[in-house]
Amino acid sequence: MGETVVVRQAGPADVAAAADLWYASHQVRRGGRALPEERHELAQGRMADPGCLLLIAEDLGAPCRPAPQDPAAAGPPPIVGSILGEPAREDDGAGGPVPGLLHIALVSVHPDQWGRHVGRLLVEAMLARAAVRGYRQAQLWAHADSTRANRLYRAVGFRRTGRARIDDWGELVVQYRRDLAPRPPG
């Protein structure tokens, strides 16, 4: 299960690569249909928000990519997945914050890594960090036709709420929610 993949909190230097990964992986999931460029910019802005928690998965067993400032030097390992946790908001994101509820969004895994449990590592890491931060529940929306994503969310304890809607791209999404383990004492 992702023996060489590690999950860590992203820093500002990771945001652009995480947004690029999200954009590219969703284009593959959508059968090659591109998303509008403004969606990429919106995702990058959300990932950069200091009030949110962005986690990335890196493959330590993969060849390192060149460092941007020195192409001859080895840079960090490649980012193979990302996940964003942000405070949930009332009215499907339009209202005020919902105390104790984490909204998980922009989950993505590089298509070459699908089936290696990178998504599970990311979700489990996010849930653990959310519980430590005092969140009591987590929610997310998943594309109804994404068998892989729906299977993952059920496997880590999410259950459908019964809510569904059409997203900005005209695709059916379903809502999931789960309780988080209470923070350990001490």
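Residues numbered from 1 in each chain as written. Predicted model: local features only at pLDDT ≥ 70, side-chain atom pairs only at ≥ 80, totals over all residues. Heavy atoms only, no water.

### Describing the overall build of the protein
Helix and strand counts for the protein come out as four helices and nine strands. Ordered by position from the N terminus, the helices and strands of the protein form the series β-α-α-β-β-β-β-β-α-β-α-β-β. When the 186 residues of the protein are sorted by exposure, 44% land in the buried category. Partitioning the contacts of the protein with sequence separation of at least 6, the portion at a separation of at least 24 is 65%. For the protein, the exposed surface amounts to about 9700 Å²; the carbon and sulfur share of it is 54%. (Helix = DSSP H or I, 4+ residues; strand = E, 2+ residues; numbered from the N terminus. Buried < 20%, exposed > 50% of the residue type's maximum accessible area, 1.4 Å probe, protein only. Contact = heavy atoms within 4.5 Å. Areas by Shrake-Rupley, 256 points an atom, 1.4 Å probe, with all protein chains shown as cover.)

### A closer look at helix H2 (residues 37-48)
An α-helix turns once every 3.6 residues. As a result, residues three or four positions apart point the same way. In this model H2 runs 17 Å from its N-terminal to its C-terminal C-alpha over twelve residues, within 8% of the 16 Å that 1.5 Å per residue would give. Looking at the packing, one finds that the buried side of H2 touches helix H1 (15-29), strand S2 (53-59), strand S5 (79-89) and strand S6 (97-109). (Expected span 1.5 Å × (residues − 1).)

### Concerning the packing of aromatic side chains
One pass over the structure, following the stated rule, counts three aromatic pairs. Aromatic side chains Trp22 and Trp169 sit 6.4 Å apart centroid to centroid with 40° between the ring planes, which places their arrangement in the tilted category. Taken together, the residues Trp22 in helix H1 and Trp169 in the loop between strand S8 (159-166) and strand S9 (172-179) connect sequence positions 147 residues apart. Judged by relative accessible area, Trp22 falls into the buried class, the value being 5%. Counting every residue linked through ring pairs, the aromatic cluster contains Tyr153, Phe158 and Tyr176. (Phe/Tyr/Trp six-rings, centres within 6.5 Å; stacked < 30°, edge-to-face > 60°.)

### Here's the deal with the pattern of salt bridges
The final tally for this structure, using the stated rule, is nine salt bridges. Notably, a salt bridge pairs Glu86 with Arg46, separated by 2.3 Å at the nearest N-O pair. Linking Glu86 in strand S5 with Arg46 in helix H2, this pair joins segments that are 40 residues apart in sequence. Here Glu86 falls in the buried class, since its relative accessible area comes to 12%. Connected through salt bridges with shared partners, the residues Arg8, Asp14 and Glu58 form a single ionic network. (Salt bridge = Lys/Arg side-chain N within 4 Å of Asp/Glu carboxyl O.)

### So, the packing of H1 against H2
Two elements in contact, H1 and H2, have axes separated by 9 Å at closest approach and are oriented at 140°. The orientation of H1 with respect to H2, classified from their angle, is oblique. Considering only the axes of H1 and H2, their crossing is right-handed. Between H1, through Val15, Ala16, Ala18, Ala19, Asp20, Trp22 and Tyr23, and H2, the contact on the second element is made entirely by Glu37, Arg39, His40, Ala43, Gln44, Met47 and Ala48. Across the contact of H1 with H2, the residue classes break down as nine nonpolar, two polar and three charged. (Axes fitted to C-alpha atoms, helices over the stretch in contact; angles between N-to-C directions. Parallel < 35°, antiparallel > 145°, perpendicular 65-115°, else oblique. Left-handed = near helix turned anticlockwise from the far one by under 90°. Nonpolar A, V, L, I, M, F, W, Y, C, P; charged D, E, K, R; others polar.)

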